[in-house]
Amino acid sequence: MPESKPRAQNLDWIGRLFVGVAVLLALGLPFAAADELAKPGTISGRVLDETGAVIPAATVLVRSPKGETRTTTADDLGAYEVSGLAPGRYSVRAVAQGYVPYEEVWVEMEAGAGRTIDLPLRVSFEKQELTVEDESSEGISVDPQSNVGAIILRGADLDALSDDPDDLAADLQALAGPSAGPSGGQIFVDGFSGARLPPKHSIREIRINSDPFSAQYDQLGFGRIEVFTKPGSDKFRGNTFLTFSDESLNSRNPFAPNRAPYQSRLYGGDLSGPINKKSSFFFDFERREIDDNAVINATILDPSLSIVPFSLAVVTPRRRTSFGPRLDYQLGQKHTLVMRYRHFRDDLDDRGVGQFSLPSLAYDTLRSGHTVQVTETAVLSAETVNETRLQFRRNRFDRSGDNSIPTTNVLQAFQDGGAQVGLSENTVDSWEIQNYTTRSLGAHTLKFGARVRTADVSDLSPQNFGGTFTFGGGFAPELDATNQVVVDASGQPVMIPITSVERYRRTVFFEQQGLTGEQIRRFGGGATQFSIAGGNPSADVNQMDLGVFLLDDWRARPNLSVSLGLRYEIQTNISQGTNFAPRIGVAWSPRAGTSGRGKTVIRGGFGMFYDRVSEDLTLQSLRFNGLTQQQYIVRNPDFYPFVPSTDTLADLLAPQTIRRLAADARAPYLMQTAIGIARQLPRRTTVATTYTHTRGVNLLRSRNINAPLPGTGARPFGGDDLFQFETTGFMRQNQLITNIRTRFHSRVSLFGFYSLNKAQSDTDGVGSFPANQYDLSTEYGRSARDIRHRFGMGGSITGPGGLRFSPFIILRSGVPFNITTGGDNNADLMFTDRPALATDLNDPNVIATRFGVFDPTPEPGTPVIARNFGEGPSYSAINFRISRTFGLGKKASASADASGDRRPGDGIRIGGRWRGRRGGRHSRGRGGPFFGGGSSEHRYSLTFSLSVRNLFNTTNPAAPIGNLTSQLFGQSNASAGFGRGSSGAGNRTVRLQMRFGF
């Protein structure tokens, strides 16, 4: 039985790891000593607004005396560059929607010279429509990080999303789609993994599916969500807001018996400004107070032991507080520093209630966390930037429930009794260190670096110390109206399929009649399973992983870019293997000129992406190793409702249930290939279509490797049940994704996507157990991520009277779900058995449903139905926001500094380009690294908005119940929801918000 590595061995591993990192960093020293490279004949600079904030995506036109025009587009930091200019006099013009064009005439260019010219634009309030000269010829870039298929949200587009943190996270996951494989999308905040999503009002920009094959990242680019927070500003600016909603504004939850009491109050604000000429700050605060509801839809027994439906909405209060300062500081001409801290506290009462779980299972939770992030950026030479990032997180999760009495789990009918979480505590201290170096060498941009992450987990969990009785369905003698067994002509009991709640009814009824457990079982009663844990509830684990990479973005030709990368990853507590992950990306614009930008770009790529085996699996393996804790699962116990102790079960030599991580467990990985085409259409519209093929290997699943052998009942490894986490799964996914973005009018900004998806696998994650523990071939079928069609659209439309309309629409087809017999026919302790399609429709034991006619007890060798055989209902949510901003006070009169001198916070200039703090990649948004923010016509602003989720009050049921022996088979007992839409808040929710800014 494997155990974790001794700490001494871990320390040796850590020492070797940091030596490797030191060697890697030392490789950057020769680059620092290299001679600086000059780029003659270049005009470059930035496009700024009146406050000095940068304007991304502005069009810059450079015209020679002969009338020849070179056009480029300002990047994410407002930086532009036009190179290859012959000596002479040039005019430089900048235009952007919503601004008055700027033109500086007769810029003198000398041979071998470079000119830096910042272009200030003044806000145009009187005329919102601008004609951009030759704008349609801007073209699409072939840069790896400029793929049109990415979804980039900032400004008005970001306003279309919800202010509620849970809904915002759900919105982003919906936009990311099913592209990220079985592990789902990963969220990065300011370049760090694992961080919590910050409040929306502190977010500057969100990028989804950007640069999908970069070797810098461990996870798939299709589905990666990158969040960038706001920096400080050069003038004091601030916002405060209040968002309110209650049940009187919402429609009734269709799964609740009544319009339950509900109220949500979300308030907070932010303040930013300069500290001195070299530093600025940003501080945000958010408080959320929700009196939410959990909706119960179950089937229970009334006092007369009749089976009746039960529905109830339970108030579940929640309080969340979050705040965090950010400090941006320029240490010198070549060094900058960013420091962030965030604290959150999340109190939730009466968790664990809802759907089948009755109020007695309620427990309280407290989540709290501290996050410290430090980023230092250094200019090693004119062509080299080094970036070091450090993050420390301490997260604590406490739960408080009553596990002094057992839980009664009647499968897909109801759950009652004690909350088996007990008094549990979980504390995770995690460190993340990154060091990246970017080097520009002519047509090559090299980037290399390393990331080290550690996690120290201290866990106290008396889970299931009170025990759980489980009642499943199956076959039992038929009973007449007096609860007597019905016999056939030969005197034998007539066997019929019964539901789980009917088995529970028989158990309670005959127990009240004074029958023994053995006698109750003869009447078709008795629990199907009993489980209990005991021993030492404490367990600790330490885990570390390392990722190193080398990336070369090579501009082979002006219209051809090739991105070559290699990544290597390793982690403790599993077999290492050769975790090399090659990456390649190619972008070609067939008819692009010397600018490298054309109307059409063809992109392709391939990459391997390794996933980590979570420290939680290591923790469970240490806890349930048979020594630290003991876990027993007893089939068909005859002692209900009496709860034996673990000592009693040990004395009876009952088999334990041991969990372990397979000795040959490897890191799961995905191999993804993509090819696509992007096209620029007239009227500032771009469209991109991408086909992706993904194969997943070594995916996680669970299996009872010591289940009774079919036909013999013998156990290969003795008496104990061995639940093993193993990496033997496989997945195949094909997708066709189309993205479109348009700004066909100065008042309209829209983005949308459609994906056609087919995903098949033999596992849906580490929680998946096969129907037959010894035959995995029957598991390959539809993946839970096989959502065939998905459509999304959002954006912003400025209407008459200054009204702004922000739609956000998500449509998708149904989610697959598993259909099971509801019993444990093969004695493997799992209720994952699947039926077969019935061959004899006259057999009285078959079960006819709208999904087909099933045989719940197929003969050995009969093919069972595929995993995820059923498909749930489709989903549609049309969300809508309308807002109006009023200007107060005198108009702003700040003027831009167009001297061309770099001011504190303007960023770092490397090789003729302004570099942000993304290690050479540029950040979008209205603001530089230190002094951000946007311009405002008035000194103060007051914004009123109304947000509606599920505008047309569409009922979206969750996946149906797949247990054939449930009273609710084929029905949904909850809403599919969207974020918190699955709560009792209402099917359609309305929020009112007021925001004041200065």
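Above this text sits the structure in question.
Residues numbered from 1 in each chain as written. Predicted model: local features only at pLDDT ≥ 70, side-chain atom pairs only at ≥ 80, totals over all residues. Heavy atoms only, no water.

1. Considering the side chain of Thr407
Here is step 1: By the element assignment, Thr407 lies in strand S23 (residues 407–410).
Here is step 2: Polar side-chain contacts of Thr407 include one of 2.5 Å to the backbone oxygen of Gly418.
Here is step 3: Not counting chain neighbours up to four residues away, the residues in contact with Thr407 comprise Leu361, Asp416, Gly417, Gly418, Gln420, Gly467, Thr468 and Phe469. (Helix = DSSP H or I, 4+ residues; strand = E, 2+ residues; numbered from the N terminus. Polar contact = N/O pair within 3.5 Å; in protein donor to acceptor, adjacent residues only side chain to side chain. Contact = heavy atoms within 4.5 Å.)

2. Overview of helix H7 (residues 615–623)
At 3.6 residues per turn, the α-helix brings residues three or four places apart onto the same side.
Here is step 1: For H7, the set of buried residues is Leu617, Thr618, Leu619, Ser621, Leu622 and Arg623.
Here is step 2: Where H7 is buried, its residues meet strand S26 (444–460), strand S31 (538–557), strand S35 (629–635), strand S36 (657–661), strand S38 (685–704) and strand S39 (721–745).
Here is step 3: One side-chain oxygen at the N-terminal end of H7 lies 3.0 Å from the backbone nitrogen of Asp616; it belongs to Ser614. (Buried < 20%, exposed > 50% of the residue type's maximum accessible area, 1.4 Å probe, protein only.)

3. Side note on helix H5 (residues 500–512)
Here is step 1: Taking 1.5 Å of rise per residue, the 13 residues of H5 would be expected to cover 18 Å, and the 19 Å separating its terminal C-alpha atoms lies within 8% of that figure.
Here is step 2: Burial analysis of H5 places 11 of its 13 residues in the buried class, the great majority of the element.
Here is step 3: Inspection of H5 places Ser500, Val501, Glu502, Arg503, Tyr504, Arg505, Arg506, Thr507, Val508, Phe509 and Phe510 among the buried residues, and these make up the whole buried set.
Here is step 4: Count one or two residues on from H5 and you reach Gly514, which has phi positive near 85°. (Expected span 1.5 Å × (residues − 1).)

4. Here we look at the sheet that holds S23
Here is step 1: On the basis of which strands lie adjacent, the open sheet formed by five strands has the order S24-S23-S27-S30-S35 and mixed pairing. Whereas interior strands pair on both sides, the edge strands pair on one side only; in this sheet they are strand S24 (414–417) and S35. On average, each strand axis in the sheet is inclined to that of its neighbour by 15°, with strand direction left out of account.
Here is step 2: Bridge count between strand S27 (residues 468–471) and strand S30 (residues 529–535): three bridges; the pairing is antiparallel. (Pairing = 2+ DSSP bridges. Axes fitted to C-alpha atoms, helices over the stretch in contact; angles between N-to-C directions.)

5. Quick look at unusual backbone geometry
Here is step 1: In this structure, Pro641 follows Tyr640 across a cis peptide bond, with omega equal to 5°.
Here is step 2: Structurally, Pro641 can be placed in the loop between S35 and helix H8 (646–651).
Here is step 3: Here Asn483, not a glycine, exhibits a phi torsion of approximately 65°, which is positive.
Here is step 4: With respect to the element layout, Asn483 can be found in the loop between strand S28 (474–477) and strand S29 (495–498).
Here is step 5: What makes Asn483 buried here is its relative accessible area of 13%.

6. Description of the sheet that holds strand S12 (residues 187–189)
Here is step 1: Pairing is mixed in the open sheet, where five strands are placed in the order S11-S14-S15-S12-S13. Each of the sheet's edge strands pairs with one partner strand only, and the pair in question is strand S11 (151–153) and strand S13 (192–193).
Here is step 2: As paired strands, S11 and strand S14 (residues 203–208) are joined by three bridges and run antiparallel to one another. Within S14, the residue paired with Ile152 across the bridge is Arg207.
Here is step 3: Each of S11, S12, S14 and strand S15 (225–229) touches helix H4 (residues 165–176); the most contacted strand, S14, lies at about 30° to it.

7. Brief notes about the nonpolar core
Here is step 1: By size, the foremost hydrophobic cluster in this structure holds 32 residues, and its most contacted members are Ala298, Val410, Phe414, Phe471 and Tyr504.
Here is step 2: Filtering out sequence-adjacent residues up to four positions away, Tyr504 remains in contact with Leu301, Thr408, Val410, Phe414, Phe471 and Tyr640.
Here is step 3: If you look at the next biggest cluster of nonpolar residues, it comprises 24 residues, including Ile151, Val227, Phe808 and Ala877. (Core = buried A, V, L, I, M, F, W, Y, C linked by side-chain atoms within 4.5 Å.)

8. Topic: the environment of Thr763
Here is step 1: One can find Thr763 in the loop between strand S40 (748–761) and strand S41 (781–782).
Here is step 2: Separated by 21 residues in sequence, Thr763 and Ala784 have C-alpha atoms that sit 8.8 Å apart.
Here is step 3: Within the local environment of Thr763, its side chain forms a polar contact with the backbone oxygen of Leu700, the two atoms lying 2.8 Å apart.

9. Some remarks on the side chain of Arg207
Here is step 1: Here Arg207 is to be found in strand S14.
Here is step 2: Among the polar contacts listed, one links the side chain of Arg207 to the side chain of Glu205, at a separation of 2.7 Å.

10. Let's talk about the pairing of S23
Here is step 1: With burial as the criterion, each face of S23 is covered, one bearing Thr407 and Asn409 and the other bearing Thr408 and Val410.
Here is step 2: Bridging between S23 and S24 involves four bridges; their strand directions are antiparallel. By the bridge assignment, Asn409 is partnered in S24 with Gln415.
Here is step 3: Linking two consecutive strands that pair antiparallel, namely S23 and S24, is a turn of three residues; a positive phi of about 50° is found at Gln412 within it.

11. Description of the packing of aromatic side chains
Here is step 1: Under the counting rule described, the total for this entry stands at 26 aromatic pairs.
Here is step 2: With centroids separated by 5.9 Å and ring planes inclined at 15°, the aromatic side chains of Tyr940 and Phe996 adopt a geometry described as stacked. Highlighted residues: Tyr940 in strand S52 (residues 938–949) and Phe996 in strand S53 (residues 989–997), separated in sequence by 56 residues.
Here is step 3: The class for Phe996 is partly exposed, based on a relative accessible area of 31%.
Here is step 4: Here Arg659 stacks its cationic end above the ring of Phe624, 5.7 Å away from the centre of that ring.
Here is step 5: For the cation-ring pair, Arg884 lies above Phe886, with the distance from its terminal atom to the ring centre recorded as 4.5 Å. (Phe/Tyr/Trp six-rings, centres within 6.5 Å; stacked < 30°, edge-to-face > 60°. Lys NZ or Arg CZ within 6 Å of the ring centre and 35° of its normal.)

12. Some remarks on the environment of Tyr329
Here is step 1: Of note, Tyr329 is situated in strand S19 (residues 307–330).
Here is step 2: A residue is classified by how much of its surface remains accessible, and Tyr329, at 30% relative accessible area, is partly exposed.
Here is step 3: Spatially, the C-alpha atom of Tyr329 lies 9.3 Å from that of Lys277, the residues being 52 residues apart in sequence.

13. A word on the layout of surface pockets
Here is step 1: Considered as a void within the structure, the second largest pocket measures approximately 690 Å³ in volume.
Here is step 2: What lines the second largest pocket is a set of 25 residues, among which Asn772, Asn826, Asp833, Pro858 and Pro860 lie closest to the centre. (1 Å grid on protein atoms, 1.4 Å probe; cavity = no way out; pocket = protein on both sides within 12 Å on 5 of 7 lines; lining within 4 Å. Points joined across faces, edges and corners; volume = space filled by probe spheres on them.)

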